[in-house]
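# Observations on the three-dimensional arrangement
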Amino acid sequence: MSEQPPTPAPNPAGAPDPAAPQPEPIRWFGTSWVHRDHGYWPRRVAVSAGSLVIAAAAAFVLRLAVEGVALSAQGGFLNTLLVLAVALCSLLAALRTWKVLAEGKDRLTGWMTEDRSLGAVWMIGGVGSLLAYFVRSLTEAPGEGVRRARYERAVEQYEKRRTGRSGRSGGKRKR
């Protein structure tokens, strides 16, 4: 027996390089978003329709809650205030969801980063969030743009590292 460690076998032609960056999977899409294959389009339609159906159900629940307060006969001012609060929460949640899907959660700043202190706002504004999710899913899988940009940057950096310094010698220059 020899004392030398075994040398790794070269990758067969067409096999992916194990050191190459791998795409991050998206929930319900896996990595099919990279090449938009393996049922990508039916999933996009299902995700869009599902978010719209859930938004309608959530709006119905909010309507029941607002009507419950209206039945208490506390006055028109309280009813108007409640409707405005729900609309404002929905707007804020929609803006935050749109920014997360378009730019990524790490790009959030200011009030949008607050998960715990504004949790009630995000919950009440769930309809707005679901509607933003629906509209975004009409153009791409939610979060696809962020992950695609991150993946393409990683591939580009990998290619630069792999090709090395083309055109330059690796040694020091003589003076």
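Everything discussed here concerns the structure shown above.
None of the values given here were measured: they were computed from a predicted structure.

Calculation criteria
Residues numbered from 1 in each chain as written. Predicted model: local features only at pLDDT ≥ 70, side-chain atom pairs only at ≥ 80, totals over all residues. Heavy atoms only, no water. Helix = DSSP H or I, 4+ residues; strand = E, 2+ residues; numbered from the N terminus. Buried < 20%, exposed > 50% of the residue type's maximum accessible area, 1.4 Å probe, protein only. Contact = heavy atoms within 4.5 Å. Areas by Shrake-Rupley, 256 points an atom, 1.4 Å probe, with all protein chains shown as cover. Phe/Tyr/Trp six-rings, centres within 6.5 Å; stacked < 30°, edge-to-face > 60°. Expected span 1.5 Å × (residues − 1).

Okay, the overall build of the chain next. Scanning the chain from terminus to terminus reveals five helices and zero strands. Moving toward the C terminus, one meets the helices and strands of the chain in the order α-α-α-α-α. Counting only residues that meet the buried cut, the chain has 25% of its 175 residues in that class. A sequence separation of at least 24 residues applies to 67% of the contacts in the chain between residues at least 6 apart. For the chain, the exposed surface amounts to about 12700 Å²; the carbon and sulfur share of it is 62%.

What follows is about the packing of aromatic side chains. This structure, assessed with the given rule, holds four aromatic pairs. Both rings, one in Trp 33 and one in Tyr 151, keep their centres 6.4 Å apart while their planes meet at 80 degrees; by these two values the pair is edge-to-face. Of this pair, Trp 33 sits in the segment before helix H1 (40–71) while Tyr 151 sits in helix H5 (residues 144–163); the two residues are 118 residues apart in sequence, bridging distant segments of the chain. For the ring pair Trp 111 and Trp 122, a centre distance of 6.0 Å and an interplane angle of 35 degrees mean the geometry is tilted. Residue Trp 111 is located in the loop between helix H2 (76–103) and helix H3 (119–124), and its partner Trp 122 is located in helix H3; the two are separated by eleven residues in the primary sequence. Taking the relative accessible area as the measure of exposure, Trp 122 reaches 14% and is therefore buried.

The end-to-end C-alpha distance of H2 is 40 Å, a good match for the 40 Å that 28 residues give at a rise of 1.5 Å each. Val 86, Cys 89, Ser 90, Ala 93, Ala 94, Arg 96, Thr 97 and Leu 101 are the residues of H2 that are buried. Its buried side turned inward, H2 meets H1, H3, helix H4 (126–137) and H5. Just downstream of H2 lies Gly 104, where phi reads positive at about 105 degrees.

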